[in-house]
Amino acid sequence: MKSIKSIYKIGNGPSSSHTVGPYRASLLIKERYPDARKITVTLFGSLAFTGEGHGTKKAIQEVLPEAVIQENSIETNLPHPNTMKFDIVNKDGSTESIRVFSIGGGSIRVEGELSDEEKEIYPEKTFREIAGICKKNDQSILDFIIERENRDLKVYLKEIWRAMQDAVERGLHAEGILPGELQLSRKAKLLKEKRCYNEPSDVTMNRVIASYAYAVSEENADEHLVVTAPTCGSCGVLPSVLYYMQHDRGFPEEEILDALAVAGLFGNLIRTNASISGAECGCQAEIGSACSMAAAGLAALYKLDTDQIEYAAEIAMEHNLGLTCDPVCGLVQIPCIERNAVAAMRAISSVNLSRFLSETRKISFDDVVDTMYRTGLDMDEKYRETAHGGLAQIYRYHRKGNK
Ligand code: SF4
């Protein structure tokens, strides 16, 4: 398994697969071919279907302003649903063609190559193996992570946490309309400030956490800087829960960084054994993974034991199984923004359940991750980030004046 660092990447929204991935792929091509005479980029699969609403072309043009960008939504026999082909004409007239896959969470893979970010640093691949080691060595999940990762993980996580907090804070102060034809107004500020008369404390907690999730997700939809956790579309879940714990409940930053590490390990396991890409496995792979990560992180913050942490992460994923990806108008707004807030609350409920019921469970985290992957592969393509099914389809149907 790769470093936890590869789960958290700072980049511009709105979609890790559709903006951060293509942006990084373009940087790589620019680096390799600084003198290219002409570059043609062809977007396939989900990048061709929803690239427009997700800002893919803009992300590529930011790095390769002269590139010709075309879409090919016909070809179906693809090695990955998010495939880009770069055709390069060199200075001397020779040509080269490279396929790059945006494999989720902003990570990229060049066909036939192994990149630095794909270096394996964990020999373990499943949670069962990790839990076994923790038990044998009488160590916590956090101790296990620290043992495997470089010492600079903490420094990296500090930078990540700063970027996450910045996104919450910017989002809470911003107002106005989000880009795109939905003309959706930002709601985070209103949600944070709109305390109801005689509001019970649990409602206040949910409202405040939701406002943080909205803040980050709206920043993402506005194409501002966010952190993949594990993706851009699901970037509001984990920060909202942890921001609440630090700023409203007084947990020290040092412990929040530890929670981020544990959450990252669970995201890493999901990416290794299944997928964190909506184009590959639907929204269960994005929001389900984020919810699972937030539950694991929060359980660790509460100092629950290894079993309870695993159970919290398992519950959080289990009840997102089958969740489809159907972004209305191809924008990462509906259902995405609200879904981040709901997932944050679900993560907290999962931790609350795991405190009491971990000994009675029958399903392991590894099982639920495997199930998510199989379910994702069974999912019709229209529910995998193509904006051709579900809410996206119904919305289009009604907009045409149908009743
Ligand atoms: S529906 Fe889920 S997977 Fe699809 S774009 Fe929105 S957040 Fe991402």
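Definitions and limits used
Residues numbered from 1 in each chain as written. Predicted model: local features only at pLDDT ≥ 70, side-chain atom pairs only at ≥ 80, totals over all residues. Pairing = 2+ DSSP bridges. Helix = DSSP H or I, 4+ residues; strand = E, 2+ residues; numbered from the N terminus. Axes fitted to C-alpha atoms, helices over the stretch in contact; angles between N-to-C directions. Contact = placed C-beta atoms within 7 Å. Buried ≥ 20, exposed ≤ 12 C-beta atoms within 10 Å, placed from the backbone. Expected span 1.5 Å × (residues − 1). Domains from an automatic or database assignment. Nonpolar A, V, L, I, M, F, W, Y, C, P; charged D, E, K, R; others polar. Core = buried A, V, L, I, M, F, W, Y, C linked by C-beta atoms within 7 Å. Near = placed C-beta within 6 Å.

**Some details on the sheet that holds strand 4 (residues 83-89)**
And step 1. Read from one edge of the open sheet, 5 strands run 3-2-4-5-6, paired in mixed fashion. With one partner strand each, in any of the chains shown, strand 3 (68-72) and strand 6 (107-110) form the two edges of the open sheet. Looking at each pair of strands side by side, their axes are set apart by 25° on average, direction ignored.
And step 2. With 4 bridges connecting them, strand 5 (residues 95-104) and strand 6 associate as antiparallel partners. What sits directly across from phenylalanine 101, in strand 6, is arginine 109.
And step 3. Across the sheet, helix 2 (residues 45-54) lies against strand 2 (38-44), strand 3, strand 4 and strand 5, angled at about 95° from strand 2, the strand it touches most.

**Observations concerning the environment of serine 97**
And step 1. The residue serine 97 is located in strand 5 in this model.
And step 2. For serine 97, a count of 11 C-beta atoms within 10 Å corresponds to the exposed category.
And step 3. Every residue in contact with serine 97, bar those within four places of it in the chain, is listed here: Lys85 and Asp87.

**Details of the pairing of strand 4**
And step 1. As judged from the 6 bridges shared by strand 2 and strand 4, these two strands associate in the antiparallel manner. Within the sheet, the bridge partner assigned to lysine 38 lies in strand 4 and is valine 89.
And step 2. As judged from the 7 bridges shared by strand 4 and strand 5, these two strands associate in the antiparallel manner. When the bridges of strand 5 are listed, lysine 85 appears paired with arginine 99.
And step 3. Here strand 4 hands over to strand 5 after 5 residues, with glycine 93 in that stretch at a positive phi of 90°.

**Thoughts on helix 1 (residues 16-32)**
Because an α-helix packs 3.6 residues into every turn, residues spaced three or four apart end up facing the same way.
And step 1. Here helix 1 is 17 residues long and its end C-alpha atoms lie 22 Å apart, about the 24 Å a rise of 1.5 Å per residue gives.
And step 2. Most of helix 1 is tucked away: 12 of the 17 residues are buried.
And step 3. For helix 1, every residue scored as buried is listed here: Ser16, Ser17, His18, Thr19, Val20, Gly21, Pro22, Tyr23, Arg24, Ala25, Ser26 and Ile29.

**Points about the domain arrangement of the protein**
And step 1. Domain boundaries in the protein define domain 1 (4-118) and domain 2 (127-399).
And step 2. Relative to domain 2, the C-alpha centre of domain 1 lies at a distance of 26 Å.
And step 3. Counting residues at the interface gives 29 residues for domain 1, matched by 42 residues for domain 2.
And step 4. For the side of domain 1 that touches domain 2, the residue count by class is 9 nonpolar, 17 polar and 3 charged.

**Section: the nonpolar core**
And step 1. With 112 residues, the main nonpolar core has Val237, Val241, Ala294, Ala295, Ala296 and Ala347 as its most contacted residues.
And step 2. The leading source of residues in this core is helix 12 (residues 287-301), at 11 residues.
And step 3. Setting aside residues no more than four positions away along its own chain, alanine 296 makes contact with Val262, Ala263, Phe266, Ile309, Ala312 and Ala313.

**What about the site of the ligand?**
And step 1. Around the ligand sit 13 residues in total, of which Gly233, Gly278, Cys283, Cys325 and Cys336 are the nearest.
And step 2. Among the residues making up the shell around the ligand, the classes are represented as 7 nonpolar, 3 polar and 3 charged.

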